[in-house]
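# Working through the structure, step by step
In case you want the letters, here they are:
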Amino acid sequence: MTNIAGKKIVLGICGSIAAYKSAILVRLLVTQGAMVKVVMTDGAHDFVTPLTLATLSKNDVYHAHFDKATGHWHNHIDIAHSADLLLIAPATANQISKMAHGLCDNLLTAIYLSAKCPVFAAPAMDADMYAHPTTAANLNILMQNGINLIPPTHGELASGIIGAGRMQEPETILEIINSFFTPTHNILKDKKILITAGATREAIDPVRYVSNHSTGKMGYALAEQCVNAGAKVTLVSGHVNIPAPAGVAILTVSGAIEMLHTCEKYFQDIDIAIFAAAVSDFRPINVAKEKIKKTGSELNLILTPNPDIAATFGKIKKDSQLSVGFALETIDEETNAKKKLKEKNFDIIVLNSMKDENATFGYDTNKVTIYHKNGNAVFYQLKYKTDVAKDILSEIEKKLNNKI
């Protein structure tokens, strides 16, 4: 029995050439035991027929509140409240904009605004539309509202452009939905987890500092997912501009030394340490007590190395403790990641490359490879960081259960 067997899934289909994939998706969902109701927008009818979707889903297909042909009224609240999951695939730029701003001019948006179940959306559009700041802002609103986004892939689009915008393949979407319904609330039950996140700031004077571009999104996503999995989480955070996840004990620090000393207070009693912070490698050796005034001449800073926090705790880590690190690389990615895995006594290291598009600092997405101490490697495609966090937890679970 699959994880989606018996689940009631409402599938919203919008006007995109990718709608042809939705027919395949319906078939896959039904084959695995899901009960599927399809809701189409006006534009979707240009790409796939209601008859095809009704045949595959074995259910009526909904389009408008009132069906003139049958005289039936389709109550959007009943449809929304009966669902275990609302999946919109493909989600066009138009529909995403409506969802982000609460515009309710079709049945699908009315269902979305009434839904109490989890919502997933798989964007599909041309590369320029997907890259437009307005689309990015709308997607960000959806994520802030708790929508699970399934990021599009990079490839040849209907326009002939090569870029990001292709809706994920039906098989991948099925895998994501199946994974979502996998029970995870107890996999880290009562585990004590220490997570570092965000960017450290090393003072030059009372006004200026040395830092990096980290937003803390990856560490905060990990903290949230660990809490959801039943863990007791202490988050030691450098500078970020995002809210703390609910249920997390957060301790805010500034520089690397303060982060180290704060972690020292908790490390001996924790089960798992996840070092996701972007710690400055160097700090000014002398910090001016007053603001350094601009004189027109050069300002020379002498920097001294900061302590390596992960390596420090790697030396005292107990066999019963699990340590997870991150490696952000620009060259010789795999070699450098494996070197860090050994030198810092990590059990798992998560590698991401600055060469990957729409990944690393500042993005809501990331593309990672996870290496285990025993040599196993797991490669993942570009995903939203919330989903990357779930993948990392999955690898942690394997380690805890001696499955790897």
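Okay, so let's go over this structure. These figures come from a predicted structure and were not determined experimentally. (Residues numbered from 1 in each chain as written. Predicted model: local features only at pLDDT ≥ 70, side-chain atom pairs only at ≥ 80, totals over all residues. Heavy atoms only, no water.)

## Quick look at the overall build of the protein chain
Each helix and strand in the protein chain was counted, giving 13 helices and 24 strands. In summary, the protein chain has a C-alpha radius of gyration of 24 Å against a globular reference of 22 Å for 404 residues, a match within 12%. On the principal axes, the C-alpha backbone points of the protein chain span a range of 80 × 55 × 35 Å. Taken over 404 residues, the protein chain has a buried fraction of 47%. Put simply, 67% of the contacts in the protein chain that link residues at least 6 apart link residues at least 24 apart. Summing over all exposed atoms, the protein chain offers an accessible surface of approximately 19,700 Å²; the carbon and sulfur share of this is 52%. (Helix = DSSP H or I, 4+ residues; strand = E, 2+ residues; numbered from the N terminus. Rg over C-alpha atoms; globule rule 2.2 N^0.38 Å. Buried < 20%, exposed > 50% of the residue type's maximum accessible area, 1.4 Å probe, protein only. Contact = heavy atoms within 4.5 Å. Areas by Shrake-Rupley, 256 points an atom, 1.4 Å probe, with all protein chains shown as cover.)

## Here we look at the packing of helix H4 (residues 93-101) against helix H7 (residues 133-144)
Contact geometry of H4 with H7 gives a least axis separation of 9 Å together with a crossing angle of 50 degrees. In terms of orientation, H4 lies oblique with respect to H7. Between H4 and H7 lies a crossing whose hand is left-handed. Here Ile96, Ser97, Met99, Ala100 and His101 of H4 lie close against H7, whose contacting residues are Asn138, Leu139, Ile141 and Leu142. Of the residues in the contact of H4 with H7, the class split is six nonpolar, three polar and no charged. (Axes fitted to C-alpha atoms, helices over the stretch in contact; angles between N-to-C directions. Parallel < 35°, antiparallel > 145°, perpendicular 65-115°, else oblique. Left-handed = near helix turned anticlockwise from the far one by under 90°. Nonpolar A, V, L, I, M, F, W, Y, C, P; charged D, E, K, R; others polar.)

## Details of the pairing of strand S6 (residues 85-91)
Residues in a regular strand project their side chains so that they alternate between the two faces of the sheet. The buried fraction of S6 amounts to seven of the seven residues, a majority that puts the element mostly inside the structure. Side chains of S6 alternate between two faces, with Leu85, Leu87, Ala89 and Ala91 and Leu86, Ile88 and Pro90 buried alike. Sheet analysis places strand S1 (residues 8-13) next to S6, joined by four bridges and oriented parallel. Bridge pairing in S6 links leucine 11 to leucine 87. Examined bridge by bridge, S6 and strand S7 (residues 119-123) share four bridges and lie parallel to one another. The residue bridging alanine 91 from the neighbouring strand is proline 123, located in S7. (Pairing = 2+ DSSP bridges.)

## With respect to the nonpolar core
One finds Leu222 and Ile274 to be the most contacted residues of the largest nonpolar core, which totals 33 residues. Residue assignment for this core shows that the elements contributing at least two residues are strand S11 (192-197), helix H9 (217-228), strand S14 (232-237), strand S16 (272-275), strand S19 (322-329), strand S20 (348-353) and helix H13 (385-400). Examining the composition of this core, we find that six residues originate from one element, H9, more than from any other. Once residues within four sequence positions are removed from consideration, leucine 222 is found in contact with Ile195, Ile274, Ala276, Phe326, Ala389, Ile392 and Leu393. Residues Val36, Leu85, Ala89 and Leu174 belong to the second largest nonpolar core, which totals 32 residues. (Core = buried A, V, L, I, M, F, W, Y, C linked by side-chain atoms within 4.5 Å.)

## Here's the deal with the layout of surface pockets
What the largest pocket holds in volume is close to 1,700 Å³. In terms of lining residues, the largest pocket is bounded by 49 residues, among which Asn148, Gln225, Thr386, Asp387 and Lys390 are the most central. Of all the elements in the fold, those that place two or more residues in the lining of the largest pocket are H7, strand S8 (148-149), helix H8 (170-180), H9, strand S24 (383-384) and H13. Of all the elements, H13 adds the most residues to the lining of the largest pocket, at eight residues. Of the residues assigned to the lining of the largest pocket, the class counts are 22 nonpolar, 17 polar and ten charged. Put simply, the second largest pocket is a space of about 940 Å³. (1 Å grid on protein atoms, 1.4 Å probe; cavity = no way out; pocket = protein on both sides within 12 Å on 5 of 7 lines; lining within 4 Å. Points joined across faces, edges and corners; volume = space filled by probe spheres on them.)

## Examining the state of the cysteines
As used here, a disulfide is simply a covalent bond connecting the sulfur atoms of two cysteines. In this structure the tally under the stated criterion is zero disulfides. Here cysteine 117 stays free of any disulfide, with the sulfur of cysteine 14 as its closest cysteine sulfur at 15 Å. (Disulfide = S-S within 2.5 Å.)

## Description of H8
Looking at H8, one finds that the buried residues are Pro170, Ile173, Leu174, Ile177 and Asn178. When H8 is viewed along its axis, its buried side chains cluster within an angular range of 135 degrees and face the same direction. Lining the buried residues of H8 we find S1, helix H1 (19-31), S6 and S7. (Arc of directions from axis to C-beta.)

## Regarding the sheet that holds strand S23 (residues 377-379)
Spatial ordering of the open sheet is given by S15-S14-S11-S16-S19-S20-S22-S23, a layout of eight strands whose pairing is mixed. Each edge of the open sheet carries a strand with a single partner, namely strand S15 (249-252) and S23. On average, each strand axis in the sheet is inclined to that of its neighbour by 15 degrees, with strand direction left out of account. Two elements, S14 and S15, share four bridges in a ladder whose sense is parallel. Paired with valine 236 across the bridge in S15 is leucine 251. Sheet contacts for helix H12 (residues 333-343): S19, S20 and strand S22 (369-372); angle to S20, the most-contacted strand, approximately 155 degrees.

## Considering the pairing of strand S9 (residues 153-156)
Examined bridge by bridge, S9 and strand S10 (residues 162-166) share four bridges and lie antiparallel to one another. Residue threonine 153 lies in a different strand from S10, and its bridge partner there is arginine 166. Hairpin geometry of S9 and S10 is characterised by an intervening segment of five residues between the two adjacent antiparallel strands and by a positive phi of about 100 degrees at glycine 160.

## Things to note about the packing of H1 against helix H2 (residues 50-57)
Where H1 meets H2, the axes come as close as 9 Å, and the angle between the chain directions of the two elements is 15 degrees. Looking at the two axes, H1 sits roughly parallel to H2. Crossing handedness for the pair H1 and H2: right-handed. Between H1 and H2, the contacting residues are Ala23, Val26, Arg27 and Val30 on the first element and Thr52, Leu53, Leu56 and Ser57 on the second. When the residues that make up the contact of H1 with H2 are grouped by side-chain class, the tally is five nonpolar, two polar and one charged.

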